[in-house]
Amino acid sequence: MQHQKVLILDFGSQYTQLIARRVRELNIYCEIHPFNKIPKDLDSYEAVVLSGSPNSVRGEDVLHPDLNGIRGKKPLLGVCYGAQYLAHFSGGKVAESSTREYGRANLAYIKDGEDFLENIHEGSQVWMSHSDTIKELPDGAELLASTADVENAAYKINGEVTYAIQFHPEVYHTTDGHQLLHNFLIKIAGINQDWTPQSFVEETVDELKAKLGNDKVVLGLSGGVDSSVAAMLLHKAIGKNLYCIFVNNGLLRKNEFEDVLHQYEGMGLNVKGVDASSRFLGALAGKSDPEEKRKTIGRVFIEVFDDEAHQIQDVKWLAQGTIYPDVIESVSATGGPSATIKSHHNVGGLPDFMKLQVVEPLKTLFKDEVRRVGASMNMDSHLLGRHPFPGPGLAIRILGDITEDKVKILQEVDAVFINNLKSWNLYDKVWQAGAMLLPVNSVGVMGDERTYEKCVALRAVESTDGMTADWVNLPYEFLQKTSNEIINKVKGVNRVVYDISSKPPATIEWE
């Protein structure tokens, strides 16, 4: 890619990917690399950002980057841990805070006339997330902003283009975070805003052509946004050499297998439907551990694709719709130190017996970026607006072991919930919604009879990328109607609850 670009050094923060997303919202290309694996071609980067971290600059586990090729040579922004690191190892003082500085705060002081803080005003909300605090700035540093509790909330180091902030501009709760990054990257660093969905399509198609040549590729379609956009990019690159397979794993939504196959008609794709539901359900029998279920589904997916690939002569590649959140929640991005939260069925490579290479056209994009890329290729808006659906399907929305009867119950519950969201014009106001079948029975009364049946939880969240999410305040009337309809229509369910947990600390899915 022939773009000016930004280097983000990852110190293990779960927010690191959000920094990348915010930078890309400015139409600037960026890359994330581990703090201890700084690229050798530093001349190809116009600016550098140091991420936050769960580590302390005061501890034995301090993370030391080699900034010799960066400090004083390129515009540099330290965020949270990055700001503490720059202060601590430049002669300042970082100490444990007397109170944990976490959550919303407001800027109480802003230095006038600073390009870095242009169009940012006193009272602007920022998001703090740290237990250490910068007590003293190093020599040559100048205070730029403070909050009521954090004196050194922002500073710069004179004599070099180095800025540091104790708060997180990348999170939604920092109201002027977008403006601050704009000021640093565009006004101060002078980077061109030329990375767009159209340029991504053009460059990715060119890269795929060069990488794949005349090779054949098999792609697992899910009916969702990610795999569909990946399919269109590959179709543009290799045309008839792309073989799409949509697998019924027995864990799809009600009637989804037939509906998805119909959806792809007219898109010019070569799509084959494979019903492997009994194979998946058989492999899952008796398994209740979430990680074991995910890994089992991933294994069977690979086995099914391997079987289907053997029916295509000379196929060499397996394509997947892997995106950034899949990667960061399974393993640290590009090998950095952030913690694993959960495994994803399409992350982690292929077993030795499978002789296909993997191609992942979307693995550097967030969900909202994938949608914009799809829109730039004139893909159907209904397909692009579809809610995310987990790769393991209903298996991770059924807590405990999986049976065919449980799947049927949850499919019916989910259908009522999703159809009501659509009929009440709420579907497009929700980022993701679904129902969970809980591993508990509760006492109920239907007519004059006592019942002892299943409880289901409804979940609806608003988000932009899946990294953070808030629960949606659905109307009481909607919840009342939906609950009544589920209990009256779905045999085996006598109680409905609504999940009002945000991410973090919860995740969007329950497993």
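Residues numbered from 1 in each chain as written. Predicted model: local features only at pLDDT ≥ 70, side-chain atom pairs only at ≥ 80, totals over all residues. Heavy atoms only, no water.

Could you give me a rundown of the packing of aromatic side chains, with the residues and numbers involved?
For the coordinates displayed, the defined rule picks out 13 aromatic pairs. With a centroid separation of 5.6 Å and an interplanar angle of 50°, the aromatic rings of Tyr29 and Trp195 are classed as tilted. In this pair, Tyr29 sits in strand E2 (residues 29-34) while Trp195 sits in the loop between helix H3 (177-188) and helix H4 (197-212), placing the two residues 166 residues apart along the sequence. Each member of the pair, Tyr29 together with Trp195, is buried. (Phe/Tyr/Trp six-rings, centres within 6.5 Å; stacked < 30°, edge-to-face > 60°. Helix = DSSP H or I, 4+ residues; strand = E, 2+ residues; numbered from the N terminus. Buried < 20%, exposed > 50% of the residue type's maximum accessible area, 1.4 Å probe, protein only.)

Go over the confidence of the model for the protein with me, naming the residues and quoting the values.
For the protein, the average pLDDT comes to 89, and 93% of its residues sit at 70 or higher. Note on residues 333-349: pLDDT is under 50 here. Beyond four places in sequence and across chains, it has 59 contacts. (pLDDT = per-residue confidence, 0-100. Contact = heavy atoms within 4.5 Å.)

Give me the lowdown on unusual backbone geometry, citing residues and values where you can.
For the bond from Lys503 to Pro504, the omega torsion is -15°, close enough to zero to count as cis. Of note, Pro504 is situated in the segment after strand E18 (493-498). Despite not being glycine, Asn378 shows a phi value in the positive range, around 60°. Tracing the chain through its elements places Asn378 in the loop between helix H10 (367-376) and helix H11 (381-384). Residue Asn378 is classed as exposed on the basis of its relative accessible area of 70%. Positive phi outside glycine occurs at Asn425, with the angle close to 55°. Mapped onto the elements of the fold, Asn425 is located in the loop between helix H12 (404-423) and strand E15 (432-446). With relative accessibility at 61%, the residue Asn425 sits in the exposed group.

Tell me about the sheet that holds strand E12 (residues 271-275), and name the residues and values.
Strand order in the open sheet formed by 5 strands is E12-E11-E10-E13-E14, and the pairing between neighbours is parallel. Every interior strand has two partners, whereas the edge strands, E12 and strand E14 (357-359), have only one. Strand-to-strand twist across the sheet, computed as the mean angle between neighbouring axes with direction ignored, equals 30°. Of the pairings in the sheet, the one linking strand E10 (residues 216-221) to strand E11 (residues 242-248) comprises 5 bridges and is parallel in character. Bridge pairing links Leu221 to Phe246 in E11. Packed onto the sheet, H4 meets E10, strand E13 (315-319) and E14 and runs at close to 170° relative to E14. (Pairing = 2+ DSSP bridges. Axes fitted to C-alpha atoms, helices over the stretch in contact; angles between N-to-C directions.)

Provide a residue-level description of the nonpolar core, including the pertinent values.
Membership of the largest hydrophobic core comes to 51 residues, with the highest contact counts inside it found for Val413, Leu421, Leu474 and Ile486. Excluding residues that lie within four positions of it along the chain, Leu474 makes contacts with Phe417, Leu421, Leu426, Val430, Ala460, Leu479 and Tyr498. By size, the runner-up hydrophobic cluster in this structure holds 44 residues, among which are Phe116, Ala153, Phe167 and Phe366. (Core = buried A, V, L, I, M, F, W, Y, C linked by side-chain atoms within 4.5 Å.)

How would you summarise the pairing of E13 if you had to cite specific residues and measurements?
With respect to burial, E13 is a largely interior element, 4 of its 5 residues being buried. Two elements, E10 and E13, share 4 bridges in a ladder whose sense is parallel. The residue of E13 that forms the bridge with Leu219 is Ala319. Where E13 lies against E14, 3 bridges are found, and the strand directions are parallel. Residue pairing in the sheet places Trp317 in a bridge with Gln357 of E14.

Go over the pattern of salt bridges, please, and point to the residues and values.
This model, assessed by the stated rule, comprises 28 salt bridges. Here Arg21 and Asp368 are joined by a salt bridge, their closest N and O atoms 3.1 Å apart. Of the two residues, Arg21 sits in helix H1 (residues 16-25) while Asp368 sits in helix H10, which places them 347 residues apart along the sequence. Like Asp368, Arg21 is buried. Across the salt bridge formed by Asp499 and Arg459, the nearest N and O atoms sit 3.2 Å from each other. Of this pair, Asp499 sits in the segment after E18 while Arg459 sits in strand E16 (residues 449-462), and the two are 40 residues apart along the sequence. Residues participating in the shared-partner salt-bridge network are Arg21, Arg22, Glu25, Asp368 and Arg372. (Salt bridge = Lys/Arg side-chain N within 4 Å of Asp/Glu carboxyl O.)

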